[in-house]
Amino acid sequence: MSYAVLILILGGLGLAYLKLPSDRLWLAIAMGVSYFLWGIWLHYQSKSLHWSIVLEYFSLALLGVSLLIFMGLRA
Amino acid sequence: MLSTLTHLFLPHSSNNYKAKTLHISSLSTLMILVMLSQILITIFSRVVPNVLGIATSITAEELINLTNSKRSEQGLPVLTYNPVLAQAAQAKGADMVAKGYWAHTSPDGLTPWTFFKQASYKYLYAGENLARDFGNSSAVVNAWMNSATHRENIMSNRYREMGIAVIHDTFQGQPTTLVVQMFGTQVSSVSITEAAEAVLAEMEAPQVPVIDSFSLTKSVSISLTLVLLTVMIIDTVIIARKRIVRLSGKGWAHLVFLGILLLILIGIQPGLIL
């Protein structure tokens, strides 16, 4: 169920990113933030939240957002 | 060599059962490399625009033909090319470049109709389509046709003439191709002579760079995401099969994120319309 939520959120934002070129900057940030918060929430629920996990989600989200922002600027 | 590859790409005791590529330090390094590559691409596209820049093959002539072809398909009369409208379009494009705005109305309040009037085009009906950063003429017209308001301009039976300007310049700090398409019907139908076509809006031929900065960024981004996705799949499968317990994020969640990221990067196309 939690994975379905993640796919729906990221899929929806991803589609909007492709269809709304003028809003790409905030859509890219929204994707990264959503993914990061989803990860924190999931691990918090399962009582497995740890700083290294927070940093892992943060670094992956930041890398993804960077790629999307740079692509948006070049497109 | 083999142990280095194992250390980098496979969960192993040497990397605390998590591929080194997926460690936070590696992800941070990759992000710094991505940022550095973008800075380098920007610098090179400015220093040597013929080698690295935006690749475009848009011409006013093609845009006119494609627009008229779309109209013909719907049984509408073709629009006549009017060099005065092209002059107005050129002036609008030059104004956008000079003042660095991307809008139908300039920051100091100049509407598209101002440029029609400045070019002494007395219109009964007038319209404007804008586009930027597209790679070819078909992509521009297709994007317009996929937008209700732009399509309405192209397919309107109120217009009789059009003029187009294709401007290659540095816009908002980036090498850009701007397209301004203006439609109109004059109050009095004055015939335009062929001789006036010398003022065709396309003022200079585009310089096609050896490497397109958009394609380069796209290739680098897709390659990086593919590598991470592959390592992540291998990591997730091995960890699941060997039932290794470790303190880490959810592999499947990372796969979803990277998978969607990859689909976006593959699907993204250049160009904006207004």
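Residues numbered from 1 in each chain as written. Chains lettered and ligands numbered in written order. Predicted model: local features only at pLDDT ≥ 70, side-chain atom pairs only at ≥ 80, totals over all residues. Heavy atoms only, no water.

**Let's talk about the pairing of strand β5 (residues 174-186) of chain B**
All names here are of chain B.
Right, on to step 1. Of all 13 residues in β5, 11 are buried, a share of seventy percent or more.
Right, on to step 2. Two elements, strand β3 (residues 123-132) and β5, share 9 bridges in a ladder whose sense is antiparallel. Paired with Leu130 across the bridge in β5 is Val180.
Right, on to step 3. Where strand β4 (residues 161-171) lies against β5, 11 bridges are found, and the strand directions are antiparallel. Bridge assignment links Asp169 to a residue of β5, and that residue is Thr176.
Right, on to step 4. Connecting the antiparallel pair β4 and β5 is a turn made up of 2 residues, with Gln172 showing a positive phi of about 50°. (Buried < 20%, exposed > 50% of the residue type's maximum accessible area, 1.4 Å probe, protein only. Helix = DSSP H or I, 4+ residues; strand = E, 2+ residues; numbered from the N terminus. Pairing = 2+ DSSP bridges.)

**Focus: unusual backbone geometry**
All names here are of chain B.
Right, on to step 1. Unlike most non-glycine residues, Asn16 shows phi in positive territory, near 60°.
Right, on to step 2. Topologically, Asn16 is positioned in the loop between α1 (2-9) and α2 (24-47).
Right, on to step 3. Classification of Asn16 as exposed rests on a relative accessible area of 61%.
Right, on to step 4. The backbone of Tyr17 sits at a positive phi, close to 60°, despite the residue not being glycine.
Right, on to step 5. Here Tyr17 lies in the loop between α1 and α2.

**A word on helix α2 (residues 24-45) of chain A**
Right, on to step 1. In this model α2(A) runs 31 Å from its N-terminal to its C-terminal C-alpha over 22 residues, within 8% of the 32 Å that 1.5 Å per residue would give.
Right, on to step 2. Of the positions making up α2(A), those classed as buried are A:Arg24, A:Leu27, A:Ala28, A:Ala30, A:Met31, A:Gly32, A:Tyr35, A:Trp38, A:Gly39, A:Ile40, A:Leu42 and A:His43.
Right, on to step 3. On the buried face of α2(A), the contacting elements are α1 (2-19) and α3 (51-74) of chain A together with α9 (251-267) of chain B.
Right, on to step 4. Phi for A:Lys47, located one or two positions after α2(A), is positive at around 55°. (Expected span 1.5 Å × (residues − 1). Contact = heavy atoms within 4.5 Å.)

**Quick look at a nonpolar patch on the surface**
Residue and element names in this part refer to chain B.
Right, on to step 1. Where nonpolar side chains cluster on the molecular surface, the patch consists of Ile32, Leu33, Leu36, Ile39, Leu40, Ile43, Phe44, Val47 and Val48 and spans about 820 Å² of accessible area.
Right, on to step 2. Residue position: Ile43 is located in helix α2.
Right, on to step 3. The exposure class of Ile43 is partly exposed, given its relative accessible area of 45%. (Patch = residues over 30% accessible without salt bridge, like charges linked within 9 Å, V, L, I, M, F, W, Y side chains within 5 Å. Areas by Shrake-Rupley, 256 points an atom, 1.4 Å probe, with all protein chains shown as cover. Salt bridge = Lys/Arg side-chain N within 4 Å of Asp/Glu carboxyl O.)

**A few points about the sheet that holds strand β7 (residues 272-273) of chain B**
All names here are of chain B.
Right, on to step 1. Across the sheet, which stays open at both edges, the 5 strands sit in the order β2-β4-β5-β3-β7 with mixed pairing between neighbours. Either end of the sheet is taken by a strand with one partner, and the two such strands are β2 (80-81) and β7.
Right, on to step 2. Where helix α3 (residues 60-73) meets the sheet, it contacts β2, β4 and β5, and its direction lies at approximately 140° from that of β4.
Right, on to step 3. Packed onto the sheet, helix α4 (residues 83-99) meets β2, β3, β4 and β5 and runs at close to 25° relative to β4. (Axes fitted to C-alpha atoms, helices over the stretch in contact; angles between N-to-C directions.)

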